[in-house]
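Chain by chain, the residues run as shown.
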Amino acid sequence: MTLLVTGGAGFIGANFVLDWLAESSETVVNLDKLTYAGNLETLASLQGNPAHVFVQGDIGDADLVSRLLQTHQPRAVINFAAESHVDRSIHGPGEFIETNVMGTFRLLESVRGYWQALDAPAQAAFRFLHVSTDEVYGSLTQDAPAFSETHRYEPNSPYSASKAASDHLVRAWHHTYGLPVLTTNCSNNYGPFHFPEKLIPLMIVNALAGKPLPVYGDGMQVRDWLYVKDHCSAIRRVLQAGQLGETYNVGGWSEKPNIEIVHTVCKLLDELRPKADGSSYASQISYVTDRPGHDRRYAIDARKLEQELGWKPAETFDSGIRKTVAWYLAHPDWVSHVQSGAYRDWVQKQYAAPGAAA
Ligand code: NAD
Ligand code: TYD
């Protein structure tokens, strides 16, 4: 039995692959283009593990994807691969359309070709799980109920619009061609191996470096936060028991304004790595110009996943953020290689090393 995971060198995909292989001997074929967000150093502990087969490539490369599907005969494809950073999508939306829309389309077509040629039992058992975001639903007012799966799609950023488009393609490939798909729409993740361009890891690494902590606008934008390993457990559960063609919202029941997140990070750092001069890291907070079109509030209603599939997050925000800050303090090499760009050298080392996944 084999899974094909795309984007498995990124933040969530890598956490998923690490967690999967810690509990299962089922092979994971990991297809990742290794953009700036892909980091094989995150997967260093899998070096020499024959159950992890890493392939550098693009989900939009139909020849490559078809060949991988033929060779490895996976029972499921889990699609994490995407451009994922809203600020980057504002500065350069083209890559987001290319990977998130066109890439997903081409991946769906490759998978459809493979799936249609399977025998009936293998066709029935096959799953295509598409990993998406709550941002497709747009922004909520302060008192509005949290997003349910039936909330209309109202994406506001080039990132969320491209993810919304990909969700629609996945839906259409199910309705039109019968491809056995599942979609998850998750809230903001945080945890180990998070690239320090996103709020929480950026605040941790900037605080430790003595740099300003840039808070956009008034800092009162609200996000729902989920520890990444809980997202991974939700994906495993949906893969195992999700109803074909259904979408599942995944969230942590943990809505917080950004400024509260930043203060929490500062307090934890004050406790775990106090500054020599006795001042708080909070003194580094700096309000900066707001993000254009900044969504005010996201909130996820994850009751469907709990009631139908029995999934609940294991971490509270307090326990998850403490683990996260502690992880960054314990992994200065990972952080410094990401910051210096040295993590990219890992590709060469990984390919050159004996017994390396190829
Ligand atoms: P990430 O940016 O950390 O990782 C994305 C990975 O995809 C990288 O390893 C990158 O190299 C790879 N990739 C990019 N383009 C590719 C292509 N064309 N072909 C193959 N690989 C490619 O993103 P993440 O935070 O791990 O998010 C993973 C998925 O989860 C995305 O689809 C994202 O939309 C979704 N999601 C993220 C969050 C979050 O808070 N980070 C929340 C909900 C949903
Ligand atoms: P981010 O981590 O980029 O995730 P998303 O935009 O997908 O929700 O940002 C989380 C929130 O934090 C968002 O409201 C923007 C805000 N933010 C800042 O205030 N400062 C920053 O430096 C960053 C990166 C984000």
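Residues numbered from 1 in each chain as written. Chains lettered and ligands numbered in written order. Predicted model: local features only at pLDDT ≥ 70, side-chain atom pairs only at ≥ 80, totals over all residues. Heavy atoms only, no water.

> Hey, could you run me through the side chain of Arg112 in this one?
Along the chain, Arg112 falls in helix 4 (residues 94–116). Excluding anything up to four places from it in sequence, Arg112 contacts Trp173, Tyr177 and Leu179. (Helix = DSSP H or I, 4+ residues; strand = E, 2+ residues; numbered from the N terminus. Contact = heavy atoms within 4.5 Å.)

> Looking at this model, I keep getting lost on the site of ligand 2. Mind explaining?
Taken together, 16 residues form the shell around ligand 2, and within it Glu135, Pro214, Arg223, Arg291 and His294 come nearest. Between ligand 2 and the protein, one listed contact pairs an oxygen atom with a side-chain N or O atom of Arg223 at 2.8 Å. When ligand 2 sits alone it has 510 Å² of accessible area, and the protein chains cover 96% of it. The set of elements that each furnish at least two residues to the shell around ligand 2 consists of helix 7 (199–208) and strand 8 (213–216). With three residues, strand 8 is the single largest residue contributor to the shell around ligand 2. (Near = heavy atom within 4 Å. Polar contact = N/O pair within 3.5 Å; in protein donor to acceptor, adjacent residues only side chain to side chain. Areas by Shrake-Rupley, 256 points an atom, 1.4 Å probe, with all protein chains shown as cover.)

> Which parts of the structure should I look at to understand the site of ligand 1?
Close to ligand 1 lie 28 residues, the nearest being Ile12, Asp32, Ser84, Tyr159 and Lys163. With respect to ligand 1, the side chain of Ser84 contributes an N or O atom lying 2.6 Å from an oxygen atom. Asn189 is positioned such that a nitrogen or oxygen atom in its backbone is 2.9 Å from an oxygen atom of ligand 1. Its free accessible area being 830 Å², ligand 1 has 97% of it covered by the protein chains. When residues of the shell around ligand 1 are assigned to their parent elements, the largest contribution, three residues, is made by strand 5 (residues 127–133). A breakdown of the residues in the shell around ligand 1 according to their chemical character gives 12 nonpolar, 12 polar and four charged. (Nonpolar A, V, L, I, M, F, W, Y, C, P; charged D, E, K, R; others polar.)

> Just checking my understanding: could you explain the packing of helix 2 (residues 62–72) against helix 4 for this structure?
Angle between the axes and distance between the axes: these two values describe a pair of packed helices. Close contact between helix 2 and helix 4 brings their axes to 9 Å; oriented N to C, the two are set at 35°. In this structure, helix 2 crosses over helix 4, and the sense of that crossing is right-handed. Counted together, Ala62, Val65, Ser66, Leu69 and Gln70 of helix 2 and Leu107, Ser110, Val111 and Tyr114 of helix 4 form the full contact between these two elements. When its residues are assigned to classes, the contact of helix 2 with helix 4 shows six nonpolar, three polar and no charged. (Axes fitted to C-alpha atoms, helices over the stretch in contact; angles between N-to-C directions. Left-handed = near helix turned anticlockwise from the far one by under 90°.)

> In this structure, what is going on with unusual backbone geometry? I would like to understand it.
Leaving glycine aside, a negative phi is the common case for residues, and trans is the common case for peptide bonds. Despite not being glycine, Leu34 has its phi angle at roughly 55°, a positive value. On the secondary structure map, Leu34 appears in the loop between strand 2 (27–32) and strand 3 (52–56). For Leu34, a relative accessible area of 10% translates into the label buried. Even without glycine at this site, Phe193 takes up a positive phi of about 65°. Mapped onto the elements, Phe193 comes out in the loop between strand 7 (188–190) and helix 7. Owing to a relative accessible area of 17%, Phe193 belongs among the buried residues under this scheme. (Buried < 20%, exposed > 50% of the residue type's maximum accessible area, 1.4 Å probe, protein only.)

> I keep staring at the sheet that holds strand 2 and nothing clicks. Help me out?
Each strand in a sheet pairs with another by means of backbone hydrogen bonds, the pair being arranged parallel or else antiparallel. A sheet is described by the order of its strands in space; here seven strands give the open sequence 3-2-1-4-5-6-10, paired in parallel fashion. Of all the strands in the sheet, just strand 3 and strand 10 (247–250) have a single pairing partner and so form its edges. Averaged over neighbouring strand pairs, the angle between their axes works out to 20° when direction is ignored. Two strands pair when backbone bridges link them, and strand 2 and strand 3 are joined in this way by five bridges, in the parallel orientation. (Pairing = 2+ DSSP bridges.)

> I would appreciate a short explanation of helix 8 (residues 228–241) in the present structure.
The end-to-end C-alpha distance of helix 8, which contains 14 residues, comes to 20 Å, matching closely the 20 Å that a straight helix rising 1.5 Å per residue would cover. Buried residues of helix 8: Val228, Asp230, His231, Cys232, Ser233, Ala234, Ile235, Val238 and Leu239, and no others. (Expected span 1.5 Å × (residues − 1).)

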